[in-house]
Amino acid sequence: MEWTGYRIFLALLLVITGSINTLSTKWADRLTSEGLDGESTRFVHPFLQASTMFLGEIACLATYKLLYWYYSRRQPGSESIEKATAGNTNFNALLLFPPAMCDMISTSTMYIGLNLTYASSFQMLRGSVIIFVALLSMGFLDRKLRCVEWTGIVFILGGLSVVGMSDFTGSSSGPHKNQNSIITGDLLIIAAQIITAFQMVYEEKFVKDKDIPALMVVGYEGLWGFLVLGALLVPFYWIPANPPFSDNPRNVLEDTPDGLVQIYNNGLLLLSVIGTFVSIAFFNFAGVSVTKEMSATTRMVLDSVRTIVIWAVCLALKWQDFSYLQVIGFGLLLIGMCLYNNVLLEPAFKKLQRFMNRRAIARAGLGEGNDEDEEGGGTTSLK
């Protein structure tokens, strides 16, 4: 695969915006601001943050519409329109409602978990989605896993166990953290990956064959998610919830007015929310483009690079303490993902096999030459 300037740009955009998305969300969780009660408290509004993410996904739909309009006006009837749409646009938007609901539930749950645990653990634990996708694919897509894929899953399980152990034995990085909340956050993040796996399997079974443009898929899922979650914010305002799941003056599941007031009263908090909105839009665009220009495997490798960036920034900002267990856990997760996605073992084995075949052919050629020399020598002796 040739790394052109455009592909390098897409790779950097994916890593940078993906890292900003997680870090800006975590940054908002650590900021304090004055709320409706006049007191300065931490910003704990995961459902409001999830709504911001869905707005970023809706921006992908707006981008698609703008691209279509631009190309259709500039070169009507040309192939560039086909490249911009990249698939079938005549589909029922309700087809994307179920995956949008999965996205809404999993994202909200993950943001609750992120508020309770570390950003690096959040990113690492998201790798567990591979396990649940594999198991659900066996049940709903009649897929059979190879031995190398099962080996990858074993490595991922080992990595998840080590990451969880590092959070359990490590010291907290703030007064609001304790081991119980950290482990609860880790478990919520893993539970959210089960819902994400259902979303991925559904999209593969019902959406993939429809050839719907990827930006439209992301945009419509964001639209459905924002509409439903926006409506749910009303009853969430009256549902009681206690810490660590709630830290607002009214002790309810989501106090949207209080969250909006906190954003208004703190410019840094507003900046972090804008960072989440902008980064998720560019991150989805970059992810779709990397998959189309290169491969889904390349996207997985770049996502691992994003984990390293997030981890390094968290250590630099002293949002968490360094742990050798996290190094080991990340290494196991990376090996497992490479094995499962056919990046590490099988390509190396094939290269070794090709090398051995070339050597065997070369030896066979030398052997034939020696036989001919021997036959020639024998004929001369007979004469």
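Only a predicted model underlies this, so the values are computations on that prediction, with no experimental measurement involved.

A.B. asks: Just checking my understanding: could you explain the pattern of salt bridges for this structure?
C.D. replies: Between side chains of opposite charge, a pair can form when the charged atoms approach closely. A complete count under the given rule lists one salt bridge for this structure. As a salt-bridge pair, Glu149 and Arg143 come within 2.5 Å of each other at their nearest N and O atoms. Residue classification places Glu149 among the buried positions, given a relative accessible area of 5%.

A.B. asks: Would you mind going over the side chain of Glu254 with me for this structure?
C.D. replies: Structurally, Glu254 can be placed in the loop between helix 9 (214-236) and helix 10 (256-265). Summary of buried charges: Glu254 has no salt-bridge partner, and the nearest side chain of opposite charge, Arg250, is 9.2 Å away. Among the polar contacts listed, one links the side chain of Glu254 to the side chain of His45, at a separation of 2.6 Å. With near-sequence residues (within four places) excluded, Glu254 lies in contact with His45, Pro46, Phe47, Leu48, Leu233, Phe236 and Tyr237.

A.B. asks: What should I look at first to understand the packing of aromatic side chains in this one?
C.D. replies: Aromatic ring pairs are described here by two measures, namely the spacing of the ring centres and the angle between the planes. In the structure shown here, the tally under the stated rule is seven aromatic pairs. Here a set of aromatic residues connected by ring pairs shows up, and it is made of Trp311, Phe322 and Tyr324. Over the face of the ring belonging to Tyr237 we find Arg250, whose NZ or CZ atom lies 3.9 Å from the ring centre. Cation over ring: Arg250 sits above Trp238, and NZ or CZ is 5.3 Å from the ring centre.

A.B. asks: Just checking my understanding: could you explain the nonpolar core for this structure?
C.D. replies: Proteins that are soluble and globular tend to have nonpolar side chains buried together. Formed by 38 residues in total, the largest nonpolar core has its most connected members in Leu96, Val207, Ile212, Met216 and Leu229. Where this core is concerned, the elements lending two or more residues are helix 1 (5-30), helix 2 (46-74), helix 4 (97-116), helix 8 (179-207), helix 9 and helix 11 (267-293). In terms of residue count, the dominant contributor to this core is helix 9 (nine residues). If we ignore the near neighbours within four places in the chain, the residues touching Leu96 are Phe91, Val207, Met216, Val217, Tyr220, Glu221 and Trp224. Within the second largest apolar cluster, 31 residues are counted, among which are Met110, Leu125, Leu145 and Leu160.

A.B. asks: What am I meant to see in the side chain of Thr22 here?
C.D. replies: Residue position: Thr22 is located in helix 1. For Thr22, a relative accessible area of 2% gives the class buried. In contact with Thr22, other than residues within four places in its own chain, are Leu114, Ala119, Phe122, Gln123, Arg306 and Ile310.

A.B. asks: I tried to follow the packing of helix 1 against helix 4 on my own but got confused; where do I start?
C.D. replies: If you want to describe how two helices pack, look at the angle between their axes and the distance between the axes. Two numbers describe how helix 1 lies on helix 4: the axes approach to 9 Å, and their chain directions differ by 60 degrees. Handedness of the helix 1/helix 4 crossing: right-handed. Contact with helix 1, carried on its side by Asn21, Thr22, Thr25, Lys26 and Asp29, involves Tyr111, Leu114 and Asn115 of helix 4 and no other residues of that element. Partitioned by chemical class, the residues of the contact of helix 1 with helix 4 number two nonpolar, four polar and two charged.

A.B. asks: Would you explain the packing of helix 6 (residues 129-140) against helix 7 (residues 147-169) in this entry?
C.D. replies: Axis separation between helix 6 and helix 7 bottoms out at 10 Å; the angle between their running directions is 140 degrees. By the criterion of interaxial angle, the relationship of helix 6 to helix 7 is oblique. Crossing handedness for the pair helix 6 and helix 7: left-handed. Within the contact between the two elements, helix 6 uses Ile130, Ile131, Ala134, Leu135 and Met138 and helix 7 uses Trp150, Ile153, Ile156, Leu157 and Leu160. In terms of residue class, the contact of helix 6 with helix 7 is made up of ten nonpolar, no polar and no charged.

A.B. asks: Explain a nonpolar patch on the surface here, please?
C.D. replies: Judged by side-chain polarity, Leu55, Leu270, Ile274, Phe277, Val278 and Phe282 come together as a nonpolar surface patch covering roughly 470 Å² of accessible area. Sort the elements by how many residues they give to the nonpolar patch and helix 11 lands first, with five residues. Here Leu55 lies in helix 2. The exposure class assigned to Leu55 is partly exposed, which follows from its relative accessible area of 34%.

About the cut-offs
Residues numbered from 1 in each chain as written. Predicted model: local features only at pLDDT ≥ 70, side-chain atom pairs only at ≥ 80, totals over all residues. Heavy atoms only, no water. Salt bridge = Lys/Arg side-chain N within 4 Å of Asp/Glu carboxyl O. Buried < 20%, exposed > 50% of the residue type's maximum accessible area, 1.4 Å probe, protein only. Helix = DSSP H or I, 4+ residues; strand = E, 2+ residues; numbered from the N terminus. Lys, Arg positive; Asp, Glu negative; His and termini not counted. Polar contact = N/O pair within 3.5 Å; in protein donor to acceptor, adjacent residues only side chain to side chain. Contact = heavy atoms within 4.5 Å. Phe/Tyr/Trp six-rings, centres within 6.5 Å; stacked < 30°, edge-to-face > 60°. Lys NZ or Arg CZ within 6 Å of the ring centre and 35° of its normal. Core = buried A, V, L, I, M, F, W, Y, C linked by side-chain atoms within 4.5 Å. Axes fitted to C-alpha atoms, helices over the stretch in contact; angles between N-to-C directions. Left-handed = near helix turned anticlockwise from the far one by under 90°. Nonpolar A, V, L, I, M, F, W, Y, C, P; charged D, E, K, R; others polar. Parallel < 35°, antiparallel > 145°, perpendicular 65-115°, else oblique. Patch = residues over 30% accessible without salt bridge, like charges linked within 9 Å, V, L, I, M, F, W, Y side chains within 5 Å. Areas by Shrake-Rupley, 256 points an atom, 1.4 Å probe, with all protein chains shown as cover.

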